[in-house]
Amino acid sequence: MPLDADAIRRGCRGEVTAATQLCGAELGRFKAVAAEDGPLTVACTQQAALFSQVASENNRANSIQFANIRETAGWSGDADRAGPKMAALLAGAAEVAAPTPTVQLESGGVILIYGRDEAAIEAGDLLKEHLDVTVLIAPPAAIAPPRNADYPIAKGRITSVKGHLGAFDVVVDDFAEAAPSSRRALTFGASRNNARSTCDIVLDLTGGPALVPADLRDGYLRADPGSPAAILQAVLKARDLVGTFEKPRYITFDTGLCAHSRSKRTGCTRCLDSCPAGAITPAGNYVAIDADICAGCGQCATACPTGAASYALPAEDALVRKLRAMLLAYRQAGGERAVVLVHDESHGGPLIDALSRFGDGLPANVLPFAVNEVTQIGLESITAAFAYGVSAVRFLLRAKPRHDVSGLTRTIALADPILAGLGFGPARLSVIATDDPDGLIEALRTAPADAPTPRPASFRAVGGKRDVLRFALAELHRAAPAPVDVIPLPEGAPFGAVEVDAAGCTLCLSCVSVCPTSALRDDPERPALRFVEDSCVQCGLCRTTCPENVITLVPQIDFRASRAPTRVLKEEEPFCCIRCGKPFGVKSSIERVVAKLEGQHWMYSGSAQRLDAIKMCADCRVGFVAEQGFESYGAPGPTVRTTDDYLRDRDGKRDPVGRSN
């Protein structure tokens, strides 16, 4: 393949060494460079194991980063123009993210095989030497009995499966154990419902719907009972699921930022609505994310408006920094009209390889961007990419995705009006759902050919998800072809304003007490409701809590919000205590209460002065009630009995007020 070393030097920092047989005849050159122990990126992934071994034998302390520039760039019909792209891929590989925390799963090898026919028995025979097997046959369970009773066989219908690898909890109805005296067909004893069992692995061979949400659960395996090859593949996977396993803790969660609920009022449910694995559940004011069940799709993190849930493989700021490194290197090396192709390694990697080996390869301006899950890409990454100067972003998915991708669809629906409103034009974002390399290249050829960003940014992302998003949006606005201040957004957007019907608002400030981001605030000096739009995430808690129902959410993005002062939504004169002069309430509310109680309520009847209690602060009101000697809670209480009263009762005498025994 052609190698434009000059373009790579223009785009990449540090010294660039070009070679043609670095893993063979020129291996000595690699040893010399690796011995220096500085930052090192090697443009070859095929021989990564060899290079790592050689470096280790030479006592290299620092790790080596590897980048594939062959299948992704060099093996292409545009290879002679792929120098800037190679520079981008090398620069991106040099951006190393922090290690991701992990969780451990323990499996003792207890497996439940659930099927409808003899296929379940055959799978049990294959696994009985390796795992602790139990076979459950769904009713009517009309199968021939096996020759040997090597493992338990029962019938039953699974109604519920909870848990994960090493800790499944299964509920079975119509459960009955097989009789050992079965002759022509398995017979069973008395059945019962709600039988419970625990196991480490579940192998589902029923051919029916998945027993767990979206078929995304470690330790849950499923295969078509009519396909011996699929069953064998599932059996081989199950055989290896014994021992201690580590999986990434995909989501970092901060309960202090969660806007799910306050005071038993539900606000934000975006993560609950988007999780395909069933790993998120309500937990009072917050949600709980089960790291053992989480499958790492990342849609909860992209949907979370406050940044309470953030993706950790890698973190959002690290992902944006990698995008930045790639796009800056591409531009410095002379590249134009970059199109970022977001893909995962398990699906997108083989598809790109096939296209490079048997087709024309990727175009020179298409930069493949590998991530753990395509659905982890959020608005912060999209806006940053366009601020850095891309022409388009394409998301490569399977023709039949493994799980619901509605979170990605919502992210695109949110980004589209922002890009269009700032003058970037249509068709900047789209999904390519294909398993065919020819379909991929055909879709890529329809990407916009113009460069829409006249003033590309170069900011470096730092901080949490919400901070990165704010910064990226500000830079996108600065770099936009036709910047505007306010853009309306679809319902559910994490940005917007709050409108209050001032005539109906009593300034009870219930909305202030439940606002999780302090977007709604009071004023310690006077009765007022203030609003900071830059902090509002449109969770809706203020709207559901307001007793007067006078709050309306307005989804929009106002690029001036970060610099705008606090806005007053309603303000009134305070009411001052008529005795001490201290302000203690809202003037209109006190006057309205006095007007409603005057002559209408038994508590304040009988004396015009009684209403003055409403016009006093708490301290003065207590003294006033004591001075006036009136009981504000109804009829006089019972007379206190003394010793003389009890003595008179004993003697049967009547007291002066007419009481008798």
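Remember, it's a predicted structure, so these values are computed and weren't measured experimentally.

Colleague: Any chance you could break down the nonpolar core for me, citing the residues and the numbers?
Modeller: In terms of nonpolar packing, the biggest core is built from 65 residues, with Val342, Phe369, Phe386, Val393, Phe395, Ile418 and Leu429 touching the most fellow members. Other than its neighbours up to four places away in sequence, Ile418 contacts Leu379, Leu473, Leu476, Ile487, Leu489, Ile557 and Phe559. In terms of nonpolar packing, the next biggest core, distinct from the first, is built from 28 residues, Ala120, Ile137, Ala141 and Ile153 among them.

Colleague: So what's going on with the packing of aromatic side chains? Which residues, and what values?
Modeller: Scanning the model with the defined rule gives six aromatic pairs in all. On the numbers, 5.7 Å between centres and 85 degrees between planes, the contact of Phe575 with Phe584 is edge-to-face. Look at Phe575 and you get buried, because its relative accessible area is 13%.

Colleague: Give me the pattern of salt bridges: which residues, what numbers.
Modeller: Applying the stated rule across the entire model yields 26 salt bridges. Here Glu71 and Arg357 are joined by a salt bridge, their closest N and O atoms 3.0 Å apart. On the criterion of sequence distance, the pair formed by Glu71 in helix α4 (residues 70-74) and Arg357 in helix α11 (residues 348-358) is long-range, its members being 286 residues apart. Between Arg402 and Glu373 there is a salt bridge, with the nearest N and O atoms lying 2.9 Å from each other. With Arg402 in the loop between β20 (392-397) and α13 (406-421) and Glu373 in the loop between β19 (366-371) and α12 (379-387), this pair connects stretches of sequence that are 29 residues apart. The class of Glu373 is buried, set by a relative accessible area of 11%. By sharing partners, the salt bridges in this structure join Arg70, Glu71 and Arg357 into a single network.

Colleague: Can you explain unusual backbone geometry? Please cite residues and give values.
Modeller: Between Pro139 and the following residue, Pro140, the backbone shows a cis peptide bond with an omega angle of 10 degrees. For Asp174, which is not a glycine, the phi torsion comes out positive at approximately 55 degrees. Counting through the fold element by element, Asp174 comes out in strand β7 (residues 167-177).

Colleague: Can you break down the sheet that holds strand β26 (residues 551-558) residue by residue, with the values?
Modeller: One open sheet holds the three strands; their spatial order is β22-β26-β23, and the pairing between them is antiparallel. Strand pairing shows two members of the sheet lacking a second neighbour, β22 (486-488) and β23 (496-500), which therefore form its edges. Averaged over all adjacent pairs, the angle separating strand axes in this sheet is 45 degrees, with direction ignored. Note: β23 against β26, five bridges, orientation antiparallel. Each bridged residue has a counterpart across the sheet, and for Gly496 the counterpart in β26 is Pro555.

What counts, and at which threshold
- Residues numbered from 1 in each chain as written.
- Predicted model: local features only at pLDDT ≥ 70, side-chain atom pairs only at ≥ 80, totals over all residues.
- Heavy atoms only, no water.
- Core = buried A, V, L, I, M, F, W, Y, C linked by side-chain atoms within 4.5 Å.
- Buried < 20%, exposed > 50% of the residue type's maximum accessible area, 1.4 Å probe, protein only.
- Contact = heavy atoms within 4.5 Å.
- Phe/Tyr/Trp six-rings, centres within 6.5 Å; stacked < 30°, edge-to-face > 60°.
- Salt bridge = Lys/Arg side-chain N within 4 Å of Asp/Glu carboxyl O.
- Helix = DSSP H or I, 4+ residues; strand = E, 2+ residues; numbered from the N terminus.
- Pairing = 2+ DSSP bridges.
- Axes fitted to C-alpha atoms, helices over the stretch in contact; angles between N-to-C directions.

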